[in-house]
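These are the residues of each chain, in order.
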Amino acid sequence: MADEVILLDFWPSPFGKRVMIALREKGVEFDTREEDLSNKSPLLLKMNPVRKQIPVLIHNGKPICESLVIVQYIDETWGPESPLLPSDPYERARARFWADYVDKKIYWAARSAWVLTGEAQEAANKEFIESLKVLEGELGDKAYFGGERFGYVDVLLIPFSTCFHALETLGNYSIVEECPKVAAWVKQCMQRESVAKSLPDQHKLDDHFVALKKEHQAQ
């Protein structure tokens, strides 16, 4: 009997895209259920009663929540011949450290740059670029964060690249100029079918960000 794999997602969410990319890297077939976050489905509320958030991976009726946890679950469950996390315990710990950095620094700096205004926004823009430069230092001259193999940190970070254009426009800077190695890494990742098929259309996403910004300013 084939596995039943369902992903509860919301199309602009970078967190859901992490799960899509990981599943496609492993060659896992899955069904995506689009959620309306203003009117959450009974299935989402049942499968994630604590956080009530996407993404949720449902594997043969069992829910797994939180994108970092889900990607690790996918790595442990499918495709041992193409691991996302390194086999060496130290390297695995390093990958988890940078995954935590992405969520605590990159995501929050980007979010702050988007919702704040004035001097606070300028400070958030600066923090975002500085955080990317720290990641660029870790990337170095490697093809991917784990070396020559597309892996865990790449899966977790690449969905956030979809917001780069909107942030550049808002902050009047260029990531290609500020962080050329990160920009080259994004370009390389986008050549992977798992990434290209998972990330949303850039123009549609930019329109979504503009609408969110207007809605936030109105409030």
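- The name recorded for the chain in an unreviewed UniProt entry is glutathione transferase, from Corymbia citriodora subsp. variegata.
- Per UniProt, the comment on the chain under Catalytic activity (unreviewed entry) is "RX + glutathione = an S-substituted glutathione + a halide anion + H(+)".
- According to UniProt, the comment filed for the chain under the heading Subcellular location (unreviewed entry) is "Cytoplasm, Cytosol".

### A closer look at the packing of aromatic side chains
Each aromatic ring pair is specified by the distance between its two centres and by the angle formed by the two planes.
Right, on to step 1. What the rule picks out here adds up to eleven aromatic pairs.
Right, on to step 2. Between phenylalanine 128 and phenylalanine 164, the aromatic rings sit 6.0 Å apart at their centres with planes inclined by 70°, giving edge-to-face as the arrangement. Residue phenylalanine 128 is found in helix H5 (residues 118-139), and its partner phenylalanine 164 is found in helix H7 (residues 164-171); the two are separated by 36 residues along the sequence. Taken as a pair, phenylalanine 128 and phenylalanine 164 share a single burial class, namely buried.
Right, on to step 3. Centre to centre, the rings of phenylalanine 145 and tryptophan 185 are 5.3 Å apart; their planes meet at 80°, and the pair counts as edge-to-face. Here phenylalanine 145 is found in the loop between H5 and helix H6 (152-157), whereas its partner tryptophan 185 is found in helix H9 (residues 180-189), with 40 residues between them in sequence.

### A few points about the nonpolar core
Right, on to step 1. The biggest cluster of nonpolar side chains holds 59 residues, and the ones touching the most others in it are Leu57, Phe128, Leu132, Leu135 and Trp185.
Right, on to step 2. By residue number, the principal contributor to this core is helix H4 (residues 89-115), which donates ten residues.
Right, on to step 3. Beyond its immediate sequence surroundings of up to four residues, leucine 135 is in contact with Trp98, Tyr101, Val102, Ile106, Phe145 and Leu157.
Right, on to step 4. By size, the runner-up hydrophobic cluster in this structure holds seven residues, among which are Ile6, Leu44, Met47 and Ile58.

### What to know about the pattern of salt bridges
Right, on to step 1. Applying the stated criterion across every chain, the model contains twelve salt bridges.
Right, on to step 2. Arginine 18 is paired through a salt bridge with aspartate 103; the nearest N and O atoms lie 2.5 Å apart. Residue arginine 18 is found in helix H1 (residues 14-25), and its partner aspartate 103 is found in helix H4; the two are separated by 85 residues along the sequence.
Right, on to step 3. Among the residues examined, aspartate 103 registers a relative accessible area of 18% and is labelled buried.
Right, on to step 4. Across the salt bridge formed by arginine 33 and aspartate 31, the nearest N and O atoms sit 2.7 Å from each other.
Right, on to step 5. Note on arginine 33: relative accessible area 35%, which makes it partly exposed.
Right, on to step 6. For aspartate 31, a relative accessible area of 35% translates into the label partly exposed.

Criteria and cut-off values
- Residues numbered from 1 in each chain as written.
- Predicted model: local features only at pLDDT ≥ 70, side-chain atom pairs only at ≥ 80, totals over all residues.
- Heavy atoms only, no water.
- UniProt positions renumbered as here; feature names shortened; annotations may be inferred.
- Phe/Tyr/Trp six-rings, centres within 6.5 Å; stacked < 30°, edge-to-face > 60°.
- Helix = DSSP H or I, 4+ residues; strand = E, 2+ residues; numbered from the N terminus.
- Buried < 20%, exposed > 50% of the residue type's maximum accessible area, 1.4 Å probe, protein only.
- Core = buried A, V, L, I, M, F, W, Y, C linked by side-chain atoms within 4.5 Å.
- Contact = heavy atoms within 4.5 Å.
- Salt bridge = Lys/Arg side-chain N within 4 Å of Asp/Glu carboxyl O.

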